[in-house]
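Notes for the structure review
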Amino acid sequence: MAEVRLENVSKIYPGNVKAVDDISLKIHDKEFLVLVGPSGCGKSTTLRMVAGLEEISSGNIYIGDRLVNDVPPKSRDIAMVFQNYALYPHMTVKENLEFGLKLRKVPAAERNQRVKDAADILDIAHLLERKPKALSGGQRQRVAVGRAIVRQPKVFLFDEPLSNLDAKLRVQMRTEISKLHSRLQATMIYVTHDQVEAMTMGDRIVVMKDGLAYQVDDPISLYDLPRNKFVAGFIGTPPMNFLQGTLEQDNGLFFNEGSFKVRIPARYEAPLAQYVGKNLTFGIRPEDIYDPSYGIELPNKQEISAKVEVVEPMGSEIYLYLTTGKDSFVARVEPQVRAQVDQQKKLFFNMEKVHFFDPETEANILYDAHAKAIADSSTAVAGA
């Protein structure tokens, strides 16, 4: 396997359209790295440049210690799994699996062994004599992955491989691919627009927008410590709530949304001091909003009231869609909570978990404060 490095890589199309803008990344040997972002953010273009299917406009790409800028795809020692499976319809599963090996003149005995090993890993040995049209979507995707495995490449590349599958199969296949990574101990780069896939599969995640890498981090850090408003809103289901208001000084700091006012914890006052009297964005995740009747004790809670617009029972939890009259937000509450449409409902905000975003740069003003709190908590647990 191999490390992959992108150094100041850009892709500019005619008309000065920047699909990828000066990205630098290091994908460690045996790492599972996920590129995630909305359509048009440049994630697939980045993957295709690593594969050699797109020429880079500037920068350098290394696979291992080898500069591959001018190396054709077939010579990069990579294997790619596509969204549309890209199977040959007139060939059997076995023929599809071994086709690339035949082109490389791999001896028949070794071909057969590699096909057998891949088929056993993916549980498709009983499908080897079938043709793609006789397979389900999930089975076709397994064959596409198997064709990559038999290559025994240095790097596996996945371009939205599960987007054509139904929801249940997507969950199953993402588990299978994660298990496959653990078994093969391979370097894998995976592209998806689905943040749930990214969070559940990646060792690290690159969150992209407009050709830029907005944040590169492990899943938990992305969730707890988003560096900016875009990452905060993209990671999490349902996404983080954003409310607009003004920061006020009144024997302490308060955020005034217009229909409610909440006190800000003392430890957040220093980083927020320069924003007093200014408008800024308040962020809170749905799971950090609580129903007071459920009896959860919070060290730093603030009560607000909002009107219920929609109630979504999810079985293990309930989503409440609410409005203050100025802003809308979502609360993810316990299944025992009772709420009715048009009800004026009291809720608690866990103020230890709130975020504030600069109105101009959209940077997370409390990033360092949250990082310190997490570090202090980890130190306390380790010393206990």
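Residues numbered from 1 in each chain as written. Predicted model: local features only at pLDDT ≥ 70, side-chain atom pairs only at ≥ 80, totals over all residues. Heavy atoms only, no water.

**Topic: the nonpolar core**
Core analysis: the largest hydrophobic core is formed by 44 residues, its most contacted members being Phe158, Tyr190 and Val207. What Val207 contacts, discounting residues up to four positions off in sequence, is Val36, Leu212, Ala213, Tyr214, Gln215, Leu222, Phe230, Val231, Phe234 and Ile235. The next biggest cluster of nonpolar side chains, apart from the first, holds 33 residues, and it includes Tyr268, Tyr275, Phe282 and Ala306. (Core = buried A, V, L, I, M, F, W, Y, C linked by side-chain atoms within 4.5 Å. Buried < 20%, exposed > 50% of the residue type's maximum accessible area, 1.4 Å probe, protein only. Contact = heavy atoms within 4.5 Å.)

**A closer look at helix 5 (residues 167-184)**
Because an α-helix packs 3.6 residues into every turn, residues spaced three or four apart end up facing the same way. For helix 5, spanning 18 residues, the distance from its first C-alpha to its last is 26 Å, which sits close to the expected 26 Å at 1.5 Å a residue. Regarding helix 5, the residues found buried are Met173, Arg174, Ile177, Leu180 and His181. Each buried residue of helix 5 lies within a common arc of 120 degrees when the element is viewed along its axis, so the set occupies one face. Turned more than 90 degrees away from the buried face of helix 5 sit Lys168 and Arg183, all of them exposed. The elements touched by buried residues of helix 5 are strand 3 (32-36), helix 3 (108-122), helix 4 (137-151), strand 7 (155-159), strand 8 (187-192) and helix 6 (195-201). The backbone nitrogen of Lys168 lies 3.2 Å from a side-chain oxygen of the residue at the head of helix 5, namely Asp166. (Helix = DSSP H or I, 4+ residues; strand = E, 2+ residues; numbered from the N terminus. Expected span 1.5 Å × (residues − 1). Arc of directions from axis to C-beta. Polar contact = N/O pair within 3.5 Å; in protein donor to acceptor, adjacent residues only side chain to side chain.)

**A few points about the sheet that holds strand 15 (residues 289-290)**
Pairing in this open sheet of 5 strands is antiparallel, and the strands run 15-19-16-17-18 from one edge to the other. Two strands in the sheet have a free side with no partner beyond their single neighbour: strand 15 and strand 18 (328-333). Taken together, the 2 bridges between strand 15 and strand 19 (residues 344-350) define a ladder with antiparallel strand orientation. Bridged to Ile289 within strand 19 is Phe349. (Pairing = 2+ DSSP bridges.)

**Observations regarding the side chain of Gln141**
Counting through the fold element by element, Gln141 comes out in helix 4. Once you skip the residues sitting within four places of it in the chain, Gln141 turns out to touch Val81, Phe82, Gln83, Tyr85, Pro161, Leu162 and Met173.

**Brief notes about the pairing of strand 17 (residues 318-323)**
Sheet faces and side chains relate simply in a regular strand, where the side chains alternate between the two faces. Taken across its 6 residues, strand 17 has 5 buried, putting it largely inside the fold. Alignment of strand 16 (residues 301-313) against strand 17, held across 6 bridges, turns out to be antiparallel. Each bridged residue has a counterpart across the sheet, and for Glu312 the counterpart in strand 17 is Tyr319. Connecting strand 16 to the next strand, strand 17, in antiparallel fashion are 4 residues, including Gly315 with a positive phi near 95 degrees. One ladder, built from 6 bridges, connects strand 17 with strand 18; its direction is antiparallel. In the sheet register, Leu322 faces strand 18, and the bridge partner there is Phe329.

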